[in-house]
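# Observations on the model geometry
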Amino acid sequence: MAKMEVKTSLLDNMIGVGDMVLLEPLDEDSFINNLKKRYDHNEVYTYIGSVVISINPYRSLPIYTPEKVEEYRNRNFYELSPHIFALSDEAYRSLRDQDKDQCILITGESGAGKTEASKLVMSYVAAVCGKGAEVNQVKEQLLQSNPVLEAFGNAKTVRNDNSSRFGKYMDIEFDFKGDPLGGVISNYLLEKSRVVKQPRGERNFHIFYQILSGASEDFLCKLKLERDFSRYNYLGLDSAKVNGVDDAANFRTVRNAMQIVGFMDHETQSVFEVVAAVLKLGNIEFKPESRVNGLDESKIKDKNELKEICELTGIDQSVLERAFSFRTVEAKQEKVSTTLNVAQAYYARDALAKNLYSRLFSWLVTRINESIKAQTKVRKKVMGVLDIYGFEIFEDNSFEQFIINYCNEKLQQIFIELTLKEEQEEYIREGIEWTHIEYFNNAIICDLIENNQTGILAMLDEECLRPGTVTDDTFLEKLNQVCATHQHFESRMSKCSRFLNDTSLPHSCFRIQHYAGKVMYQVEGFVDKNNDLLYRDLSQAMWKASHSLIKALFPEGNPTKINLKRPPTAGSQFKASVATLMKNLQTKNPNYIRCIKPNDKKAAHIFNDALVCHQIRYLGLLENVRVRRAGYAFRQAYEPCLERYKMLCKQTWPHWRGPARAGVEVLFNELEIPEEEFSFGRSKIFIRNPRTLFKLEDLRKQRLEDLATLIEKIYRGWKCRTRFLLMKKSQIVIASWYRRYAQQKKYQKIKNSAVIVQSYIRGWKARKLLRELKHQKRCNEAATIIAAYWHGTQARRELKRLKEEARRKHAVAVIWAYWLGLKVRREYRKFFRANAGRKIYEFTLQRLMQKYFLEMKNKVPSLSPIDKNWPARPYLFLDSTHKELKRIFHLWRCKKYRDQFTDQQKLIYEEKLEASELFKDKKALYPASVGQPFQGAYLEISKNPKYKKLKDAVDEKIIIAEVVNKINRANGKATSRIFLLTKNNVLLADQKSGNIKSEVPLGDVTKVSMSSQNDGFFAVHLKEGSGAAGKGDFLLSSDHLIEMATKLYRTTLSQTKQKLNIEISDEFLVQFRQDKVCVKFIQGSQKNGNIPTCKRKNNRLLEVAVP
Ligand SMILES: Nc1ncnc2c1ncn2[C@@H]1O[C@H](COP(=O)(O)OP(=O)(O)OP(=O)(O)O)[C@@H](O)[C@H]1O
Ligand SMILES: [Mg+2]
């Protein structure tokens, strides 16, 4: 289905009439009323065909939002309610799509909203044209040139708080895609007189106030300025502040804009320095001073200001001072210097200030152009936006107003020309007959001003160039002569007596009937301003400045480039530039915005009928409508026309297949519209009377209602049917689903039953089969078992038979052998007789013994005496032999073992054997001593020098040298003593000194006693009455008791040939002097570890506690 497109039109929701062409009846009142009605409803834009009338709302309306931009983007001009965006869009699209250069002409009197409109157009175009970083920068620079130029070129006037005091034409250049490339700005004649003087209630250019309010203290100090406005003569005081304008904030905006546009910091600084210099120039004052020769001369009152200006601009103070006091006139290579009187000095000062400022302004425009210049050389499409100062009438109108109003005349002229031309061309293009319409053509006024011979500007130039005294009065006189008869020129002095008695017209004035009203011009200043003279001394002084910008502003001050030719006058310059502008505009497709000022109070919501009426008249808007309607009030291309009204005819509704024109013809015939009411052009239908259009609109509205009802009807029907169909479909779906469900359930049940029956049958069959198989298996098994038994029986029978057979065979063999043996013995009995048996027996015995010994040779165990192994006895009859053999073998291997010993080893083993015989199984200490070798000399007496004396005293061989503990006889305490045993003696010596304490010959030792326990105590009993026995027996204790006792025993035996008595008993008697003391060994506590303790209990008892 094709997308439903909602077609809108300017005719939808219209307040009043959006396009004045459709106004009915068409007269001034209805025109104004329509504008007023729309204005009251915030509809500030109204069309006359393609011309936009804009009424200044004097308040911000919410109709310039980005959403609005989107709304108007790419829409047809008449599609939405009138708007400046529609015009901008139309212009931009025909530039982009049809490659037509455009210009947007914005006209209207001062304060009507031209500048605002131009900014709206630019911002719209910026919003809808291409995007991208580079493009955005270009856009931004183009847009930001506005605040800079407005700050320097706009001022508050009684008519407009932001009145443009210069004309501006800006060409915005685009590439083939419609992306902006750059722009060129042309400026027209700045109203520079404002720099030095402002009418009451007006201000100087904004920038002066902006600097003083917005610059930082520091910056002001640099510019040698003070914040107080009243300090400066050039600033009119009565309206220094403007309501709703924040000069300080605007200053920041301007600086920011300058930065964006591309001004370098030093350039910005220079610009403000020039502005400051201009401001300060106004403060230079002069006083008269008479010179000797009687000539008047002026002198600067206070040179401080001059000094500061010179510091600021880098001009030599004396040069500038001289330029304010003298004037050099060069004529025919002669230089004449004349002094300036006070008035002339002031004139010179003001002229300098004006020139400085206006040249600065032109420089700014050039500089901005440099920045925004398109960077490529490709062919560009151009959209020109013209925002020129509006037509204005002040109390005192001077040369500037004359120029401004002339410019507006020219614009009106081009409007008239182009509008009519365009209209006419369209009719011709479309092949429609066109009848001429009367309108006021202001060409006559333009001619009055610009005619090369008789025009006012030509006259003024003539006066300025004429030798002799020239004053404003002579100029007026000349005007009076030449223009007297012109119907738009009025003067008291003119030859035409019409105005002789008109007291409202002073003598020094002339009046021109402009298209927009009569304006009375004060002739004073015309000549001067047209001449625009600046004394050469001043321009030379400026050129000498070290300030590069100022120097550049006054190139004519360069003495090497003196040009004696007069520069063109201001008037002729302006005329020429306007002519160029007009030519330029004529090459482009014009788009008009006609601004209307609703009141003089700059206030919102006030619609002054008289004021508006006046503007409508002089702008010729009514004529504009008439011209537009003369032929045909409304025209529209066939396609949109058919699209809009096709529902009014059966043939064209809903679709017309064929050319749109034919469709419209059919439509109009069907509607029975009188033939004289419309005409068919080549691409458009032309409707003569708006009433016809409204009739069409009414029919359309009616038809739309019918169509809406029809659509509603069909829609309702469709909706009900759709619902019904849906429900029907749903019912079928539900029913089918239910049936399916029911059948599924039934099927499932049958299936389940079938499965059960099936399973029973299968079970029964399987069981039957199983039974059969089991039976078969059992039969098989039984057969196998029977067969096995049968085979077993057969096998056993066979085995029995075979065994029987074998037994029989064996028996036969034995019997046979016996029989053979018997036969042999019977045969050989005669050879062996009775002793043969004995011999065999002996032989056998011998053989057996031989075998035994031979085997024994291989079976004998190792030679180790402690090896207990011995092979088993093979024959019982050799039992005793076997034992004997074992004993002999043992003795033999012991001998073998002993034979290996050296003499010393033999001695050691003898001692060990002795010890074993003495102590084995008697003394508990003995087993521990078996493994310890007997060393004897534990103390090395000979080597230790301490015992030298002891060694010397003993000359015999020392058998034992050992430290023992001698038990004190009185208290049982132990003292260390060296125990020496020599061949003949036993010695006890002091352990420390080596002094011999006791010496006992071995013959005096009778007995040694010791316990059976695990201690080292022993008593040495001495022979009664011997020399050593004075104190009694010795009770000693040693770690090598077994060795000592053994060695003592052996030595005594070898010396005395007597066995020493060794008594082993746990209780024995010792002789201490006269007492017989019993030494008793008891089981002691473990208190002292493993060391036995000895204690004398009484005269008779000494107890040794053994752990
Ligand atoms: N569309 C608008 N919406 C809101 N305010 C507007 C609009 N147009 C104009 N104004 C107001 O009117 C004032 C004057 O407008 P503008 O400066 O555009 O006049 P102008 O025609 O350029 O005058 P001049 O010829 O003196 O330069 C603006 O400062 C602004 O306050
Ligand atoms: Mg303006």
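Structure's up top.
Notes on the structure in this doc start here. Bear in mind that the values here come from a model prediction, so they are computed numbers and not experimental data. (Residues numbered from 1 in each chain as written. Chains lettered and ligands numbered in written order. Predicted model: local features only at pLDDT ≥ 70, side-chain atom pairs only at ≥ 80, totals over all residues. Heavy atoms only, no water.)

## Some words on the overall build of the chain
Counting its regular elements, the chain contains 31 helices and 31 strands. At 77 Å, the chain has a C-alpha radius of gyration far larger than the 32 Å of a compact globule built from 1107 residues. For the chain, the C-alpha atoms occupy an extent of roughly 215 × 125 × 65 Å along the three principal directions. Every one of the 1107 residues in the chain was classed for burial, and the buried ones make up 46%. At a minimum sequence separation of 6, the contacts of the chain that also span at least 24 residues come to 64%. If you sum the accessible surface of the chain, you get close to 60,100 Å²; carbon and sulfur atoms cover 53% of it. The positive charge centre, built from 178 side chains, and the negative charge centre, built from 135, are 23 Å apart in the chain. (Helix = DSSP H or I, 4+ residues; strand = E, 2+ residues; numbered from the N terminus. Rg over C-alpha atoms; globule rule 2.2 N^0.38 Å. Buried < 20%, exposed > 50% of the residue type's maximum accessible area, 1.4 Å probe, protein only. Contact = heavy atoms within 4.5 Å. Areas by Shrake-Rupley, 256 points an atom, 1.4 Å probe, with all protein chains shown as cover. Lys, Arg positive; Asp, Glu negative; His and termini not counted. Charge placed at Lys NZ, Arg CZ, Asp CG, Glu CD.)

## Structural notes on the packing of aromatic side chains
This model, assessed by the stated rule, comprises 42 aromatic pairs. Taken together, a centroid distance of 4.8 Å and an interplanar angle of 65 degrees make the contact between Phe166 and Phe361 edge-to-face. With Phe166 in the loop between β5 (163–164) and β6 (167–174) and Phe361 in helix α12 (residues 342–372), this residue pair connects regions lying 195 residues apart in the sequence. The interplanar angle of 55 degrees and the centroid separation of 5.3 Å between the aromatic rings of Phe251 and Phe272 together place this pair among those described as tilted. Of this pair, Phe251 sits in helix α8 (residues 247–261) while Phe272 sits in helix α9 (residues 265–281); the two residues are 21 residues apart in sequence, bridging distant segments of the chain. Judged by its relative accessible area of 3%, Phe251 is buried. (Phe/Tyr/Trp six-rings, centres within 6.5 Å; stacked < 30°, edge-to-face > 60°.)

## Regarding the sheet that holds strand β15 (residues 517–522)
Pairing in this open sheet of three strands is antiparallel, and the strands run β13-β14-β15 from one edge to the other. Looking at strand neighbours, the two that pair on one side only are β13 (489–491) and β15, the edges of this open sheet. Along the sheet, successive strands turn relative to each other by an average axial angle of 25 degrees, direction set aside. Of the strand pairs in this sheet, strand β14 (residues 509–514) and β15 are connected by six bridges, and their pairing is antiparallel. If you follow Ile512 over to β15, its bridge partner there is Val519. Sheet strands in contact with helix α14 (residues 443–450) are β13 and β14, and its direction is about 150 degrees off that of β14. The strands touched by helix α16 (residues 472–482) within the sheet are β13 and β14, with β14 carrying the most contacts at an inclination of about 45 degrees. (Pairing = 2+ DSSP bridges. Axes fitted to C-alpha atoms, helices over the stretch in contact; angles between N-to-C directions.)

## Re unusual backbone geometry
Excluding glycine, residues mostly carry a negative phi; peptide bonds, for their part, are mostly trans. Here Glu24 and Pro25 are connected by a cis peptide whose omega angle stands at -5 degrees. The topology assignment puts Pro25 in the segment before α1 (28–40). Even without a glycine there, the phi angle at Asn74 is positive, about 60 degrees. As for its placement among the helices and strands, Asn74 is situated in the loop between α2 (66–72) and α3 (84–98). The backbone of Lys224 shows a phi angle near 55 degrees, a positive value even though the residue is not glycine. One can find Lys224 in the loop between α7 (217–222) and α8.

## Digging into the packing of helix α11 (residues 317–325) against helix α18 (residues 536–543)
Helix packing for two helices is described by the angle between their axes and how far apart those axes are. Relative to each other, α11 and α18 sit at 165 degrees, their axes nearing to 8 Å. Judged on the interaxial angle alone, α18 and α11 are roughly antiparallel. The handedness of the crossing between α11 and α18 comes out as left-handed. Across from Val319, Leu320, Ala323 and Phe324 in α11, the residues of α18 making contact are Asp537, Leu538, Ala541 and Met542. Its residues assigned to classes, the contact of α11 with α18 shows seven nonpolar, no polar and one charged. (Parallel < 35°, antiparallel > 145°, perpendicular 65-115°, else oblique. Left-handed = near helix turned anticlockwise from the far one by under 90°. Nonpolar A, V, L, I, M, F, W, Y, C, P; charged D, E, K, R; others polar.)

## Considerations on the nonpolar core
If you look at the biggest cluster of nonpolar residues, it comprises 206 residues, and the most contacted ones within it are Phe31, Phe152, Leu320, Phe324 and Phe510. Top element by residues in this core is α12. It accounts for 14 residues. What Phe324 contacts, discounting residues up to four positions off in sequence, is Leu281, Ile284, Phe286, Ser298, Ile300, Leu306, Leu340, Ala345, Ala348, Arg349, Leu352 and Leu538. (Core = buried A, V, L, I, M, F, W, Y, C linked by side-chain atoms within 4.5 Å.)

## Details of the pattern of salt bridges
For the structure on display, the rule yields 64 salt bridges. A salt bridge links Arg203 to Asp247, with the nearest nitrogen and oxygen atoms 3.1 Å apart. Linking Arg203 in the loop between β7 (180–188) and α6 (206–214) with Asp247 in helix α8, this pair joins segments that are 44 residues apart in sequence. Assessed through its relative accessible area of 0%, Arg203 is described here as buried. Assessed through its relative accessible area of 3%, Asp247 is described here as buried. Where Arg349 meets Asp350, a salt bridge forms, and the shortest distance between an N and an O atom there is 3.0 Å. Using a relative accessible area of 7% as the deciding quantity, one classes Arg349 as buried. The class of Asp350 is buried, set by a relative accessible area of 19%. Salt bridges linked by common partners bring Arg165, Glu191, Arg194, Glu202 and Glu392 together as one network. (Salt bridge = Lys/Arg side-chain N within 4 Å of Asp/Glu carboxyl O.)

## Details of the coordination of the magnesium ion (ligand 2)
Around the magnesium ion (ligand 2), the protein contributes the donor atoms Thr115 (OG1) and Ser164 (OG), which lie 1.9 to 2.0 Å from the metal centre. Placement of Thr115 in helix α4 (residues 114–128) and of Ser164 in strand β5 is noted, with a sequence separation of 49 residues between them. Under the relative-accessibility criterion, Thr115 is labelled buried at 12%. (Donors = N, O, S within 2.8 Å, 3.2 Å for Na, K, Ca; no water.)

## Some details on the sheet that holds strand β21 (residues 974–982)
In a beta sheet, neighbouring strands pair by backbone hydrogen bonds and run either parallel or antiparallel. Here eight strands make up an open sheet; going across it, the order is β23-β22-β21-β20-β26-β25-β24-β27 and the pairing mixed. Only two strands of the sheet have a single partner each, and these edge strands are β23 (996–1001) and β27 (1061–1064). Geometrically, the sheet is characterised by an average inter-axis angle of 30 degrees between neighbouring strands, direction not taken into account. Pairing of strand β20 (residues 958–967) with β21, which is carried by nine bridges, proceeds in the antiparallel orientation. Across the sheet, the residue bridging to Val964 is Arg977, located in β21. Against the sheet, helix α31 (residues 1041–1056) makes contact with β20, β21, β22 (985–990), β24 (1005–1010), β25 (1017–1022) and β27, and its axis sits at roughly 125 degrees relative to β20, the strand it touches most.

## Quick word on the site of ligand 1
Around ligand 1 sit 19 residues, and of these Ser110, Lys114, Thr115, Ser163 and Ser164 come closest. Residue Gly111 places a main-chain N or O atom 2.8 Å away from an oxygen atom belonging to ligand 1. In this structure, Ala112 approaches ligand 1 through a main-chain N or O atom, which is 3.3 Å from an oxygen atom. Look at ligand 1: alone it shows 620 Å² of surface, and the protein chains cover 86% of it. Of all elements in the fold, only α4 and β5 reach the threshold of two or more residues within the shell around ligand 1. The element that contributes the greatest number of residues to the shell around ligand 1 is α4, accounting for three residues. Residue classes in the shell around ligand 1 are distributed as five nonpolar, 10 polar and four charged. (Near = heavy atom within 4 Å. Polar contact = N/O pair within 3.5 Å; in protein donor to acceptor, adjacent residues only side chain to side chain.)

## Section: a nonpolar patch on the surface
A surface patch of nonpolar side chains, about 530 Å² in accessible area, is lined by Leu710, Ile711, Ile714, Tyr715 and Trp718. Residue placement: Ile714 occurs in helix α25 (residues 690–832). (Patch = residues over 30% accessible without salt bridge, like charges linked within 9 Å, V, L, I, M, F, W, Y side chains within 5 Å.)

## A word on the environment of Ala872
Relative to the assigned elements, Ala872 resides in the loop between α26 (836–859) and α27 (879–899). Counting along the chain gives 13 residues from Ala872 to Lys859, while the straight-line C-alpha distance between them is 9.7 Å.

## Quick word on the pairing of β14
Of all the six residues making up β14, five are buried; the element is thus mostly covered by neighbouring parts of the structure. Two strands pair when backbone bridges link them, and β13 and β14 are joined in this way by three bridges, in the antiparallel orientation. What sits directly across from Phe489, in β14, is Ile512.

## Some thoughts on a positive patch on the surface
Residues Arg762, Lys765, Arg767, Lys768 and Arg771 make up a contiguous surface patch of positive charge. Mapped onto the secondary structure, Arg767 falls in helix α25.

## Here's the deal with α3
Here α3 is 15 residues long and its end C-alpha atoms lie 20 Å apart, about the 21 Å a rise of 1.5 Å per residue gives. For α3, the tally of buried residues reaches 11 of 15 residues, placing the bulk of the element in the interior. Taken together, the buried positions of α3 are occupied by Ile84, Phe85, Ala86, Leu87, Ser88, Asp89, Ala91, Tyr92, Arg93, Ser94 and Leu95. Two residues or fewer past α3, Asp99 is found with a positive phi of approximately 60 degrees. (Expected span 1.5 Å × (residues − 1).)

## Remarks on the environment of Leu696
Following the sequence through the fold, Leu696 ends up in helix α25. Residues Leu696 and Arg644, 52 residues apart in the sequence, show an inter-C-alpha distance of 9.7 Å.

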